[in-house]
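Close look at the chain arrangement
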Amino acid sequence: MLNISLKEARELICKNVRAGEPEKISLYKALGRIAFRDVYAEKDLPSIRQAAQDGFAVAEIKKEGGFYQIASQLGSTGALAKDEALPVETGQKVPENALAVIPREDVDIEGGFIKVKKEPQRNNFLKMPGEDFKKGERLIKKGDLLNPGRISLLAAYGYKEVEVYKKPRAGIITLNPYISSPSPAVIDSNSYLLAALVEKEGGEVVRIEHAGNKSPAELMDLISNLKIEADIVIATGATFGGKNRDLASFIKDTGGKILFSGVKMQPGGHNGAVIFDDLLFLSLSGNPAACAVGFHLLASPFLRLYQGKSPHLTRIKARVDDDFPFSARGSYRFLRGHFYFAGEVRVRILPGQKPGMIRSLLDYNCLLEISPETETIRAGMEVDVILV
Ligand SMILES: Nc1nc2c(c(=O)[nH]1)N[C@H]1C(S)=C(S)[C@@H](COP(=O)(O)OP(=O)(O)OC[C@H]3O[C@@H](n4cnc5c(N)ncnc54)[C@H](O)[C@@H]3O)O[C@H]1N2
Ligand code: MOO
């Protein structure tokens with residue numbers, strides 16, 4: 001399909017994501033990964049009645065000034081006698097018949113006795129079984145993001161490993177022919193940009209190649225290898241004008257199927273996508289900022305879906321700080337911005353908005369989505385912002 005809308009391009013990409021596969025990893029390595037299965041509580045947490053403070057477990061509530069005898073150990077029944085106080089530490093199991101724990105600082109110790117300074121309330125400083133989580137409760141839902149809290153919950157239930165979606169494996173290819181020349185006229189920065197973006201989005205970079213001068217046979221070889229090694233190839237450069245080869249006939253020769261060529265977006269209007277068997281080959285503009293925008297809008301949905309996440313990035317509304325005059329081009333336009341809070345959500349349009357510049361990428365944390373009809377941007381306007 002030629003020159004399609006961004007929405008159609010994203011839909012075609014999403015349709016071509018193979019369902020994610022699971023892998024078991026150590027809980028220590030699980031931060032930011034997505035759970036592949038539901039996990040249910042096999043028991044209550046805590047599973048026993050515990051002391052919530054260091055102090056004394058008692059089976060009778062005595063008023064201020066009352067005495068208990070300190071029990072060094074319990075009798076054969078395992079129960080506390082009425083006038084006994086068993087020293088306990090936070091988290092320790094308390095006897096079945098304990099009514100409360102009196103914190104250490106609320107008693108005076110006098111020989112083998114304690115004297116109550118502050119009358120305890122019934123059930124005070126006792127952690128009840130199931131107080132945190134109940135047996136049978138769903139602890140983790142398939143698709144949950146494993147954050148420090150969820151990781152610690154799994155650990156509290158004795159798990160050492162967790163099943164998560166595999167990371168998508170990405171190959172990165174530069175296609176500009178001047179990069180691989182002996183004295184390169186174009187210095188490659190996009191492969192570094194893309195490698196960092198892939199990692200930021202949870203993927204794993206398996207190969208980086210400068211393929212701008214490869215013969216069709218060599219390229220075919222590279223694709224064959226990447227079909228085995230990778231789930232997605234992100235190429236940058238040579239999207240316009242067939243610099244040193246006819247990419248379309250190469251794709252035909254290699255059995256690739258063009259999903260789309262040209263997307264109504266700016267920058268990155270020459271972006272395209274090809275499928276080689278199961279491998280998605282995404283072709284992004286060589287201009288650095290256009291390459292980054294293409295990554296967020298076209299590669300990120302693939303990487304996110306593969307990991308069991310929603311393909312969509314978070315969208316918010318923000319008020320623009322600056323005027324930004326431009327002429328409407330009939331396609332969606334994406335400006336690199338920095339959103340922040342100042343009583344409301346605001347967004348600063350960053351300097352260096354030409355697609356060939358790197359400058360706007362230094363501080364961007366969002367893309368301003370400007371609709372095709374928008375003639376110009378005035379300070380104070382509310383705009384749609386995509387968080388990246
Ligand atoms: N006559 C026309 N010329 C151009 C058009 C057009 O419509 N008509 N479109 C312009 C637009 S828009 C873009 S975007 C670029 C498309 O460029 P390519 O994707 O074909 O990329 P290259 O030609 O290979 O490189 C362009 C430029 O990008 C920089 N580049 C490339 N690769 C890298 C890299 N790995 N790291 C850093 N920078 C890279 C480099 O400065 C190249 O000069 O075409 C316009 N031209
Ligand atoms: O794809 Mo180009 O970077 O639109 O300007």
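Residues numbered from 1 in each chain as written. Chains lettered and ligands numbered in written order. Predicted model: local features only at pLDDT ≥ 70, side-chain atom pairs only at ≥ 80, totals over all residues. Heavy atoms only, no water.

You'll find the protein chain entered in an unreviewed UniProt entry as Molybdopterin molybdenumtransferase, with Thermosyntropha lipolytica DSM 11003 given as the organism. Regarding the protein chain, the UniProt comment filed under Catalytic activity (unreviewed entry) reads as follows: "adenylyl-molybdopterin + molybdate = Mo-molybdopterin + AMP + H(+)". (UniProt positions renumbered as here; feature names shortened; annotations may be inferred.)

Some remarks on the domain arrangement of the protein chain
Under the domain assignment used here, the protein chain contains domain 1 (2-21 + 166-306), domain 2 (24-42 + 138-165), domain 3 (50-127) and domain 4 (315-387). For domain 1 and domain 3, the distance between their C-alpha centroids amounts to 68 Å. (Domains from an automatic or database assignment.)

What about the side chain of Gln 353?
Looking at the secondary structure, you find Gln 353 in the loop between β23 (345-349) and β24 (366-370). Of note is the side chain of Gln 353, whose polar atom sits 2.8 Å from the backbone oxygen of Arg 336. For Gln 353, the side chain forms a polar contact with the main-chain oxygen of Leu 350, separated by 2.9 Å. Leave out the neighbours within four places in its chain, and Gln 353 touches Phe 324, Leu 335, Arg 336 and Ser 360. (Helix = DSSP H or I, 4+ residues; strand = E, 2+ residues; numbered from the N terminus. Polar contact = N/O pair within 3.5 Å; in protein donor to acceptor, adjacent residues only side chain to side chain. Contact = heavy atoms within 4.5 Å.)

With respect to the site of ligand 2
Taken together, the residues surrounding ligand 2 are Gln 266, Pro 267, Gly 268, Gly 269, Ser 285, Asn 287, Ala 290 and Pro 355. Between ligand 2 and Gly 268 there is a distance of 2.7 Å, counted from an oxygen atom to a backbone nitrogen or oxygen. In the model, an oxygen atom of ligand 2 is placed 3.4 Å from a nitrogen or oxygen of the Asn 287 side chain. Taken together, the residues of the shell around ligand 2 sort by class into three nonpolar, five polar and no charged. (Near = heavy atom within 4 Å. Nonpolar A, V, L, I, M, F, W, Y, C, P; charged D, E, K, R; others polar.)

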